[in-house]
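# Residue-level structure breakdown
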Amino acid sequence: MTLNVARIATLLSQAGTAHHDYERTQLKGKTDDAWAEWYADYLVKHGVQDIIGAPATPEQLSRALAQATESHKKEQTGLAWAEYAAAKIVDAFATIPKT
């Protein structure tokens, strides 16, 4: 695992903890169907663009997270979701011109 993947995986784990608290307190225990957008906003607010070295909108990240989740379910790689999704994010933004 590269350093950038590890850093994003850590951010995703932190987002998961914060999102669980959000669902419990703000949504009163309901499941957040817009979780990918919430995570994407969290990632942007916590510097994911600096880690990947490219501009990334919450919309782009949300799509990447949703796609990573679907492929993670299908591929059953044995990787933790955060690591898998982080690698997919790094791959998705690798071809975007650096800022």
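Residues numbered from 1 in each chain as written. Predicted model: local features only at pLDDT ≥ 70, side-chain atom pairs only at ≥ 80, totals over all residues. Heavy atoms only, no water.

### Overview of helix H2 (residues 35-45)
Applied cut-off: Partly exposed describes any residue whose relative accessible area lies between the buried limit of under 20% and the exposed limit of over 50%, with all areas from a 1.4 Å probe on protein chains only and scaled to the type maximum. In this text, helices come from DSSP runs of H or I with a minimum length of four residues, and strands from runs of E with a minimum of two, each type numbered from the N-terminal end. Note that the arc is computed from the directions linking the helix axis to the C-beta atoms. Contacts between residues were defined by any pair of non-hydrogen atoms, one from each residue, lying within 4.5 Å.
By the burial criterion, the buried members of H2 are Ala36, Tyr39, Ala40, Tyr42 and Leu43. All buried residues of H2 fall inside an arc of 160° around its axis, so they share one side. Summarising the contacts, the buried residues of H2 are in contact with helix H1 (3-25), helix H3 (48-52), helix H4 (58-75) and helix H5 (81-93). Trailing H2 by a residue or two, glycine 47 shows a phi angle of about 85°, which is positive.

### Quick notes on the packing of H4 against H5
For any two helices packed against each other, the geometry is given by the interaxial angle and the distance between the axes. Rules: Fitted lines through C-alpha atoms give the axes, limited to the stretch in contact for helices. The angle between two N-to-C directions lies from 0 to 180 degrees. Just so you know how the angles are binned, under 35 degrees is roughly parallel, over 145 roughly antiparallel, 65 to 115 roughly perpendicular, and the rest oblique. Two helices that cross are described as forming a left-handed crossing if the nearer one is turned anticlockwise from the farther one by less than a right angle, and a right-handed crossing if clockwise. Three residue categories are used. Nonpolar comprises Ala, Val, Leu, Ile, Met, Phe, Trp, Tyr, Cys and Pro, charged comprises Asp, Glu, Lys and Arg, and polar comprises the others, including Gly.
At a closest axis distance of 9 Å, the pairing of H4 and H5 adopts a crossing angle of 130°. When the axis of H4 is compared with that of H5, the two are oblique. The two elements H4 and H5 meet at a crossing, and its hand is right-handed. Only Trp81, Tyr84, Ala85, Lys88, Ile89 and Phe93 of H5 make contact with H4, whose side of the interface consists of Gln60, Leu61, Ala64, Leu65, Ala68, Thr69, Ser71, His72 and Glu75. Each residue belonging to the contact of H4 with H5 can be placed in one class, and the counts come to nine nonpolar, four polar and two charged.

### Remarks on the packing of aromatic side chains
Rules: Pairing of aromatic rings covers Phe, Tyr and Trp, the last counted by its six-membered ring, and requires centre-to-centre distances within 6.5 Å; plane angles under 30 degrees mean stacked, over 60 mean edge-to-face, and any other angle means tilted.
Throughout the structure, instances matching the rule amount to six aromatic pairs. Relative to tryptophan 81, the ring of tryptophan 35 has its centre 6.1 Å away and its plane inclined at 75°; by these criteria the two rings are edge-to-face. Of this pair, tryptophan 35 sits in helix H2 while tryptophan 81 is found in helix H5, placing the two residues 46 residues apart along the sequence. Between tryptophan 38 and tyrosine 39 the ring centres are 6.3 Å apart and the planes differ by 70°, which places this aromatic pair in the edge-to-face class. By the ring-pair criterion, three or more aromatic residues cluster together here, those being Tyr22, Trp35, Trp38, Tyr39, Tyr42 and Trp81.

### Section: the confidence of the model for the chain
The predicted coordinates ought not to be read in detail in places where the model reports low pLDDT. Inclusion rule: Known as pLDDT, the predictor's per-residue confidence is scaled from 0 to 100.
Scored by pLDDT, the chain has a mean of 93; 96% of the residues are at 70 or more. When pLDDT is averaged over each element of the chain, H2 comes out on top at 97 and H3 at the bottom at 94.

### Looking at the pattern of salt bridges
Heads up, the condition is: A side-chain nitrogen of Lys or Arg and a carboxyl oxygen of Asp or Glu constitute a salt bridge if their distance falls within 4 Å.
What the rule picks out here adds up to two salt bridges. The partner of lysine 73 in a salt bridge is glutamate 70, and the shortest N-O contact between them spans 3.9 Å. Here the residue lysine 73 and the residue glutamate 70 both occupy positions in helix H4, the gap between them amounting to three residues, near one helical turn. What makes glutamate 70 partly exposed here is its relative accessible area of 43%.

### With respect to H1
Put simply, the rule is: Multiplying 1.5 Å by the helix residue count minus one yields the expected span of that helix.
For H1, built from 23 residues, the straight-helix expectation of 33 Å at 1.5 Å per residue is met to within 8% by its first-to-last C-alpha distance of 33 Å. Buried residues along H1 sit in contact with H2, H3, H4 and H5.

### Thoughts on the nonpolar core
Our working definition: Put simply, buried Ala, Val, Leu, Ile, Met, Phe, Trp, Tyr and Cys residues joined by side-chain atoms within 4.5 Å make one nonpolar core.
By size, the foremost hydrophobic cluster in this structure holds 26 residues, and its most contacted members are Ile8, Leu12, Leu43, Ile52, Leu61, Leu65 and Ile89. For this core, the secondary structure elements donating two or more residues are H1, H2, H3, H4 and H5. Ignoring any residue separated from it by four or fewer positions in sequence, one finds leucine 12 in contact with Tyr39, Leu43, Leu65, Trp81, Ala82, Ala85 and Ala86.

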